[in-house]
Each structure stands twice: as structure tokens, then as C-alpha cells.
Amino acid sequence: MSLSDHLPRASLPPFEEVVARHGATVLRVCRALLGAVDADDAWSETFLAALRAYPDLPPGSNIEAWLVTIAHRKAVDIHRVRGRTPVPTENLPEPASSTGNPGEGDDALWSAVAELPFTQRAALVYHYVGGLPYAEIGTILGNSPAAARRAAADGRAALRRRIEHGTGCRS
């Protein structure tokens, strides 16, 4: 027997505690990537997939980064489906939100973020909304930390250009 057989094994917290602790962050990431309409579906799909895989997660894992990775994959799936789905035009848009959640309301910044290419938008959302470092963002996006940092920088530059162009001011 090895020494590790005699040491107590760290256990994972109950899954309902994981949902309570990280659910809001995952929802903010989903809303920033997909908008309010598809965010709830992505959030639900994220936690259903996480529930199935949770027993195999190694103790000591960064659960928040793991959940954001799953949310990223669900957002990509929904983004791809949405690109192939016709959009109805007779419906009125949803009223503006007073809660300040990304993707709700008529906020110029979130509108500009929604127009960014998906990788740039994802890098900005994961860093500024999800609070993840570029090393983890690179892993989620399937590239290097430098590529994730570059995508975020390109996204920030595009946002600055759009906002300067729209307001006529430079700051």
C-alpha cells in the first residue's frame, strides 16, 4: 500500500452548493455571450452537463473555471444553432431591463459587445464578467493564453472604435 492510500481524500462539495455558489457567474457569462433569450437555456444545459460529469471531477479542481468551460461549449452550440434558425420579425422586442444584466435593455456597450466576433466576445466576457485569467480563457477557447489575450485586446480595440465613432468623443 502506498502512502496516498492512508491519506484522507478531499471530497467535492455537494452539487447544490456548487450551483448556489457559481450559478450567478455562469448566468452572467451566458447572458453576455448569448443574450437574455438564450442564456437561461445555456445555463440549464450547463448545469445538467455538469451534474452528469461532477462525480468524475478530480478533488481540488477549479470548479468555477470548469463550469465556465462547460458554459462556453453550450454557448457555442446555441450560437451555431441560432445561426441556422430563422428569426421572426413580427414580434416586438422585449422591454428594457432595469436590472443591468448583460444582454438585456438597450445599452450601447452590450449592443457593441454582441456585434463582436464570437472569440473576441468570449475572451472579453470570460475575463471581465467571469473574472478568469487568460491562461484559463485560452484553455476554454482551445488556444494559448497569448491568443486569448490577443482576442480580448482586439475586442477592446473594436469596442473603443465603435463607441468613439458612435459618440464622437475620444477618451
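Residues numbered from 1 in each chain as written. Predicted model: local features only at pLDDT ≥ 70, side-chain atom pairs only at ≥ 80, totals over all residues. Heavy atoms only, no water.

Undergrad: Provide a residue-level description of the overall build of the protein chain, including the pertinent values.
TA: The helix and strand tally for the protein chain stands at 8 helices and 0 strands. Along the protein chain, helices (α) and strands (β) appear in the sequence α-α-α-α-α-α-α-α when read from the amino end. In the protein chain, which comprises 171 residues, the share counted as buried stands at 36%. When the accessible area of the protein chain is evaluated, it comes to approximately 10,500 Å², of which 55% is carbon and sulfur surface. (Helix = DSSP H or I, 4+ residues; strand = E, 2+ residues; numbered from the N terminus. Buried < 20%, exposed > 50% of the residue type's maximum accessible area, 1.4 Å probe, protein only. Areas by Shrake-Rupley, 256 points an atom, 1.4 Å probe, with all protein chains shown as cover.)

Undergrad: I'd like a description of the pattern of salt bridges, backed by residues and values.
TA: Summed over all chains, the structure comprises 2 salt bridges. Notably, a salt bridge pairs E17 with R21, separated by 2.7 Å at the nearest N-O pair. Of this pair, E17 and R21 both sit in helix α2 (residues 15-34), 4 residues apart, which is roughly one turn of the helix. Residue class for E17 comes out partly exposed when judged on its relative accessible area of 33%. (Salt bridge = Lys/Arg side-chain N within 4 Å of Asp/Glu carboxyl O.)

Undergrad: Give a detailed account of the environment of A32, specifying residues and quantitative values.
TA: Counting through the fold element by element, A32 comes out in helix α2. By relative accessible area, which is 7% here, A32 ends up buried. With 90 residues separating them in the primary sequence, A32 and A122 have C-alpha atoms 8.4 Å apart.

Undergrad: How would you summarise the nonpolar core if you had to cite specific residues and measurements?
TA: Formed by 45 residues in total, the largest nonpolar core has its most connected members in L33, W66, L67, Y126 and I137. Residue assignment for this core shows that the elements contributing at least two residues are α2, α3 (36-53), α4 (63-84), α5 (108-114), α6 (118-129), α7 (134-141) and α8 (145-167). The element best represented in this core is α4, accounting for 10 residues. Leaving out residues up to four positions away in the same chain, I137 has contacts with A123, Y126, H127, L132 and A148. (Core = buried A, V, L, I, M, F, W, Y, C linked by side-chain atoms within 4.5 Å. Contact = heavy atoms within 4.5 Å.)

Undergrad: Tell me about the packing of α3 against α4, and name the residues and values.
TA: Interhelical geometry of α3 versus α4 gives an angle of 130 degrees and a closest axis separation of 9 Å. Of the possible angle classes, the one that applies to α3 and α4 is oblique. With respect to the hand of their crossing, α3 and α4 are arranged in right-handed fashion. Only W66, L67, I70, A71, K74, I78 and R82 of α4 make contact with α3, whose side of the interface consists of D38, D41, A42, E45, T46, F47, A49, A50 and A53. When grouped by side-chain class, the residues that make up the contact of α3 with α4 number 10 nonpolar, 1 polar and 5 charged. (Axes fitted to C-alpha atoms, helices over the stretch in contact; angles between N-to-C directions. Parallel < 35°, antiparallel > 145°, perpendicular 65-115°, else oblique. Left-handed = near helix turned anticlockwise from the far one by under 90°. Nonpolar A, V, L, I, M, F, W, Y, C, P; charged D, E, K, R; others polar.)

Undergrad: Go over α2, please, and point to the residues and values.
TA: Its 20 residues give α2 an end-to-end C-alpha distance of only 25 Å, which falls more than 12% under 28 Å, the value for a rise of 1.5 Å per residue. Along its length, α2 shows its largest kink, about 55 degrees, at H22. Within the span of α2, buried status applies to F15, V18, H22, G23, T25, V26, V29, C30, R31, A32, L33 and L34. Residues of α2 that are buried sit in contact with α3, α4, α5 and α6. Where α2 terminates, the next one or two residues include G35, which has phi positive at roughly 95 degrees. (Expected span 1.5 Å × (residues − 1). Bend = angle between axes of the 7 residues up to and from the residue.)

Undergrad: Just give me the short version of the packing of aromatic side chains, but keep the residues and values in it.
TA: A complete count under the given rule lists 4 aromatic pairs for this structure. Look at F15 and F47: their rings are 6.3 Å apart centre to centre, the planes differ by 70 degrees, and that puts the pair in the edge-to-face class. Placement of F15 in helix α2 and of F47 in helix α3 is noted, with a sequence separation of 32 residues between them. This pair shows no difference in class: F15 is buried, exactly as F47 is. In this structure an aromatic cluster arises from ring pairing among F15, W43, F47, Y54 and W66. (Phe/Tyr/Trp six-rings, centres within 6.5 Å; stacked < 30°, edge-to-face > 60°.)

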